[in-house]
Amino acid sequence: SVMNEKIPDFCGDFFLGNLKMHNKDIKQLEKDLIEQLKGPLIDTNIFLFGEINGKSSVELIADLLTLAQELEDNEIDKPYITLYVNTEGGEIYEMYAIQDTIDQIKKRGIIVQTVGIGQVMSAGLILLACGTKGQRYIGKRTRLMFHEVTNGVSGTFDHIKTEFSETEYLQNQYIESIVALTKKSTTFYKKLLQKKNNQYFTAEQAIEWGLADRYL
């Protein structure tokens with residue numbers, strides 16, 4: 001009968017060859033998948049420690065833009081950057097240069113996580129708050145501080161008058177910026193400024209006011 005007939009050797013060789021090829025394909029597929037899952041090893045952490053000034057801002061902006069480009073070039077799925085902020089504050093113009101850079105990176109579809117640790121004061125508040133909403137973290141023991149914009153200017157009367165006008169503009173812009181990023185109103189922050197001194201507050205208050213979203 002057909003059932004008792006011997007299968008020709010070439011048939012066996014054909015089936016074994018197919019099986020070997022099949023196993024080889026699976027192993028290659030597994031290898032390719034592992035490589036895809038691993039992806040390139042990119043350090044996505046950036047640090048702002050210390051005063052915000054011309055030197056620190058240009059270094060930070062260069063790091064942000066370089067990392068953003070690297071994430072795009074490698075076509076990273078759900079790309080993100082983590083910015084650690086530990087600063088006593090500093091120059092407001094430099095702070096806005098950093099914020100504008102972060103905003104531009106977010107528009108490119110890259111998540112910017114901000115992490116406040118140690119101290120986040122003055123201009124540093126904006127840099128903590130301008131991260132991607134829901135991705136702004138803060139250490140439980142972090143101390144924060146809000147105060148008036150300062151400008152230690154000297155010179156002629158007309159020069160002082162001009163600089164006073166610019167300082168007033170920057171103060172209003174600073175309040176508008178922090179209101180846009182948090183849950184509190186212009187009136188709330190102006191009342192803090194009426195106390196005429198540095199206003200220190202806790203990580204818990206930072207979350208309550210909307211400067212951060214959650215604890216680290």
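Heads up: these notes are all about the structure in this document. None of the values given here were measured: they were computed from a predicted structure.

1. As for the pattern of salt bridges
Step number 1: For the structure shown, the criterion picks out four salt bridges.
Step number 2: The closest approach of N and O atoms between Lys106 and Asp103, which form a salt bridge, is 3.7 Å. Linking Lys106 with Asp103, this pair stays in helix α3 (residues 92–107), spanning three residues, or about one helical turn.
Step number 3: Among the ionic pairs, Asp213 bridges to Arg136, the shortest N-O distance being 2.8 Å. Here Asp213 is found in the loop between α7 (203–209) and β7 (214–215), whereas its partner Arg136 is found in strand β4 (residues 136–138), with 77 residues between them in sequence.
Step number 4: Residue classification places Asp213 among the partly exposed positions, given a relative accessible area of 26%.

2. Quick word on unusual backbone geometry
Step number 1: A positive phi angle, near 50°, is found at Glu75, a position not held by glycine.
Step number 2: When you line up the elements, Glu75 lands in the loop between α2 (54–73) and β2 (80–87).
Step number 3: Residue classification places Glu75 among the exposed residues on the basis of a relative accessible area of 69%.
Step number 4: Look at Ser122: it is not a glycine, yet its phi comes out positive at around 55°.
Step number 5: Within the secondary structure, Ser122 is located in the loop between β3 (111–121) and α4 (124–129).
Step number 6: On the accessibility criterion, Ser122 (11% relative accessible area) is buried.

3. Notes on helix α6 (residues 186–193)
Step number 1: The set of residues buried in α6 consists of Tyr189, Leu192 and Leu193. One side of α6 holds all its buried residues, which, seen down the axis, span an arc of 100°.

4. Focus on the packing of α2 against α3
Step number 1: Packing of α2 against α3 brings their axes to within 9 Å, and their N-to-C directions diverge by 5°. Considering the angle they form, α2 stands roughly parallel to α3. Contacts between α2 and α3 involve Gly54, Ser57, Leu60, Ile61, Leu64, Leu65 and Ala68 on the former and, on the latter, Glu94, Ala97, Ile98, Thr101, Ile102, Gln104 and Ile105.

5. Section: the side chain of Arg136
Step number 1: Overall, the relative accessible area of 3% leaves Arg136 in the buried class.
Step number 2: Here Ala129 takes part through its backbone oxygen, which lies 3.0 Å from a polar atom of the side chain of Arg136.

6. As for α3
Step number 1: The end-to-end C-alpha distance of α3 is 23 Å, a good match for the 22 Å that 16 residues give at a rise of 1.5 Å each.
Step number 2: Within the sequence span of α3, burial applies to Ile92, Met95, Tyr96, Ile98, Gln99, Thr101, Ile102 and Ile105.
Step number 3: Looking at the residues trailing α3, positive phi occurs at Gly109, about 85°.

7. A few points about the packing of aromatic side chains
Step number 1: If you walk through the whole model with that rule in mind, you get seven aromatic pairs.
Step number 2: For the ring pair Phe146 and Tyr174, a centre distance of 5.8 Å and an interplane angle of 15° mean the geometry is stacked. Here Phe146 is found in strand β5 (residues 143–146), whereas its partner Tyr174 is found in helix α5 (residues 157–181), with 28 residues between them in sequence.
Step number 3: By relative accessible area, which is 2% here, Phe146 ends up buried.
Step number 4: Between the aromatic rings of Phe188 and Trp209, the centroid separation amounts to 4.9 Å while the plane-to-plane angle is 75°, which identifies the pairing as edge-to-face. Highlighted residues: Phe188 in helix α6 and Trp209 in helix α7, separated in sequence by 21 residues.
Step number 5: Taken together, the ring pairs in this structure connect Phe146, Tyr174, Phe188, Tyr189, Phe201 and Trp209 into an aromatic cluster.
Step number 6: Its end group placed over the ring of Tyr215, Lys140 keeps NZ or CZ at 5.3 Å from the ring centre.
Step number 7: Here the guanidinium or amino end of Lys184 rests over the ring plane of Phe188, the centre of that ring lying 4.9 Å away.

About the thresholds
Residues numbered from 1 in each chain as written. Predicted model: local features only at pLDDT ≥ 70, side-chain atom pairs only at ≥ 80, totals over all residues. Heavy atoms only, no water. Salt bridge = Lys/Arg side-chain N within 4 Å of Asp/Glu carboxyl O. Helix = DSSP H or I, 4+ residues; strand = E, 2+ residues; numbered from the N terminus. Buried < 20%, exposed > 50% of the residue type's maximum accessible area, 1.4 Å probe, protein only. Arc of directions from axis to C-beta. Axes fitted to C-alpha atoms, helices over the stretch in contact; angles between N-to-C directions. Parallel < 35°, antiparallel > 145°, perpendicular 65-115°, else oblique. Contact = heavy atoms within 4.5 Å. Polar contact = N/O pair within 3.5 Å; in protein donor to acceptor, adjacent residues only side chain to side chain. Expected span 1.5 Å × (residues − 1). Phe/Tyr/Trp six-rings, centres within 6.5 Å; stacked < 30°, edge-to-face > 60°. Lys NZ or Arg CZ within 6 Å of the ring centre and 35° of its normal.

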